[in-house]
Amino acid sequence: MKTIDELLSEGVDNKRVFVRADLNCPLADGLITDDGRIRAVLPTVKALADAGAKVIVASHLGRPKGAPDLAFSLLPAAERLAELLGAPVAFAQDTVGPAAHDAVDGLQPGQVAVIENLRFNPGETAKDDTERGEFADRLAALADVYVGDGFGAVHRKHASVYDLPARLPHYAGYLIATEVGVLKKLTEDVRRPYVVALGGAKVSDKLAVIDRLLDKADRLLIGGGMAYTFLKAKGYEVGISLLQEDQIPAVTEYIERAEKNGVELLLPVDVLVSAEFPDLKTKAPANPTVVAADAIPADQEGLDIGPETRKLYASKLADAATVFWNGPMGVFEHPDYAEGTKAVAQALVESPAFTVVGGGDSAAAVRILGFDESAFGHISTGGGASLEYLEGKTLPGLAALED
Ligand SMILES: Nc1ncnc2c1ncn2[C@@H]1O[C@H](COP(=O)(O)OP(=O)(O)O)[C@@H](O)[C@H]1O
Ligand SMILES: O=C(OP(=O)(O)O)[C@H](O)COP(=O)(O)O
């Protein structure tokens, strides 16, 4: 993989450099609640700008449906990038249209532009190679060189991640180089017991990852939205909790295989439930009830792990030598459902283990809940990306930078 240092030594003065970043930051009411992913790409953007490149920063934000949707505009991220750089950043209101070309044409060496959310164009995420390729061709017309630095998206076979680097000279940015350097160690030389804690809301993606993790980890702690597919697979009522019905057979097999292989697979023993999803805007008291994991009322949903599970998981983290954690244990954005996530974060802080936290929301949770980032071994900007890397999968966005 050629790195940005090689690019800088070759010289970028006056070159248009396309930086594929992951600026997919959590937002509330159009405001960024955690800018960690923007800060993470600053070294790359600064180095390129300082060397006289015309820097085009591109990213997805959220999951819009292949058409412009202002709720997912990258404008707030562009504004924050400008603040963090201490320099103006041009913003184009489209991705490959006249606005993007005007913004790029208007750049002087050392200046930066952000183009609008790549997922406003259906070509970005298209399954069809030709459709993705056509969008990649249009993106390629904006730039002379490609720098991949959106680690959080390298597991996606998307146009800007996979097809675009094949069309331009390509290099890995500083963030990708750092992330891969740390995660590589976890695949080569992992100190045991190796405990993996999983939660969050991207249940379908993450359940699939457990298949391989069962061969690698000594202990798996399951929380967040994915816990309910496990509880359902055990035959429990899960009410209106998040559920991935089609993966129940796979999850049943995971439970059996964990037992056979001697992997400790821990599920919540109690959960916080409510008939309503909390109001994340007003943060009005949600008054959840604590119930045993096998006693979730049919009209309620599980929104955090309960107090017994918090204690259990903390004890199962205490003697770990390596911990990887992805996915909040509950809807941590509301104070009534933040205790599970806090308890896991606290257990990691107190543990002498090498600890890695991965994921946009998990990393944000750690910071928003007031933990000191330096108390963790590594905070990765990618959740799904780091999980798939640890699984040993070939990640499209890394493979594309390799050849
Ligand atoms: N029981 C639950 N039900 C619904 N959503 C949940 C639950 N537990 C956690 N979440 C949500 O999961 C989201 C984060 O999930 P995800 O994107 O998978 O994590 P990451 O970005 O760290 O990979 C948070 O917004 C949180 O509110
Ligand atoms: O937030 C992200 O991933 P993560 O939640 O697994 O950390 C990335 O920006 C990828 O987004 P996607 O899962 O919508 O493709």
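Scroll up to find the structure this text is about.
Computed from a predicted model, the values in this text were never measured in an experiment.

Cut-off values and rules
Residues numbered from 1 in each chain as written. Chains lettered and ligands numbered in written order. Predicted model: local features only at pLDDT ≥ 70, side-chain atom pairs only at ≥ 80, totals over all residues. Heavy atoms only, no water. Helix = DSSP H or I, 4+ residues; strand = E, 2+ residues; numbered from the N terminus. Expected span 1.5 Å × (residues − 1). Buried < 20%, exposed > 50% of the residue type's maximum accessible area, 1.4 Å probe, protein only. Arc of directions from axis to C-beta. Contact = heavy atoms within 4.5 Å. 1 Å grid on protein atoms, 1.4 Å probe; cavity = no way out; pocket = protein on both sides within 12 Å on 5 of 7 lines; lining within 4 Å. Points joined across faces, edges and corners; volume = space filled by probe spheres on them. Pairing = 2+ DSSP bridges. Right-handed = clockwise from strand over helix to strand, strands pointing away. Near = heavy atom within 4 Å. Polar contact = N/O pair within 3.5 Å; in protein donor to acceptor, adjacent residues only side chain to side chain. Nonpolar A, V, L, I, M, F, W, Y, C, P; charged D, E, K, R; others polar. Axes fitted to C-alpha atoms, helices over the stretch in contact; angles between N-to-C directions. Core = buried A, V, L, I, M, F, W, Y, C linked by side-chain atoms within 4.5 Å.

Now for helix H5 (residues 129-140). When the terminal C-alpha atoms of H5 are compared, their 16 Å separation across twelve residues agrees well with the 16 Å that a helix rising 1.5 Å per residue should span. What H5 keeps buried is the set Arg132, Gly133, Phe135, Ala136, Leu139 and Ala140. An end-on view of H5 places all buried positions within 165° of arc, on one side of the element. The secondary structure elements touched by the buried residues of H5 are strand E1 (16-20), strand E6 (112-115) and helix H6 (159-163).

Let us look at empty space enclosed by the protein. The final tally for this structure, using the stated rule, is one cavity of 30 Å³ or more. Computed from the structure, the largest cavity encloses a volume of approximately 50 Å³. Along the walls of the largest cavity sit Arg20, Tyr146, Gly148, Asp149, Gly150, Val154, Ser160, Val161, Ile176, Gly397 and Leu401, which together make up its complete lining.

Time to look at the pairing of E6. Because side chains alternate across E6, one face comprises the buried residues Val112 and Val114, and the other comprises Ala113 and Ile115, equally buried. Taken together, the three bridges between strand E4 (residues 54-58) and E6 define a ladder with parallel strand orientation. The residue of E6 that forms the bridge with valine 57 is valine 114. In this sheet, E6 lies alongside strand E5 (residues 89-92) in parallel orientation, the contact comprising four bridges. Its bridge partner lying in E6, valine 89 is registered against valine 112. Crossover connection from E5 via helix H4 (residues 98-105) to parallel E6: handedness right-handed.

Around ligand 1 sit 20 residues, and of these Ala201, Lys206, Glu333, Asp361 and Ser362 come closest. Take glycine 302: an N or O atom from its main chain is 3.0 Å from a nitrogen atom of ligand 1. Residue glycine 360 places a main-chain N or O atom 3.4 Å away from an oxygen atom belonging to ligand 1. Only strand E14 (301-305) and helix H13 (360-368) provide two or more residues apiece to the shell around ligand 1. When residues of the shell around ligand 1 are assigned to their parent elements, the largest contribution, three residues, is made by H13. Grouping the amino acids of the shell around ligand 1 by side-chain chemistry returns six nonpolar, ten polar and four charged.

We now examine the sheet that holds strand E9 (residues 194-198). Spatial ordering of the open sheet is given by E11-E10-E9-E15-E16-E17, a layout of six strands whose pairing is parallel. Each of the sheet's edge strands pairs with one partner strand only, and the pair in question is strand E11 (264-266) and strand E17 (378-380). Taken pair by pair, the neighbouring strands of this sheet meet at an average axis angle of 15°, ignoring direction. Direction of pairing for strand E16 (residues 354-358) relative to E17: parallel, over a ladder of three bridges. Bridging across to E17, glycine 358 finds its partner in serine 380.

On to the nonpolar core. Counting residues in hydrophobic clusters, the biggest one holds 68 residues, and the most contacted among them are Phe18, Ile115, Leu139, Ile210 and Phe230. Apart from the residues lying within four places of it in its own chain, the contact partners of leucine 139 are Phe18, Thr95, Val96, Ile115, Leu118, Ser160 and Leu164. Among the nonpolar cores identified, the runner-up in size contains 31 residues, and Val12, Val17, Val45 and Leu81 belong to it.

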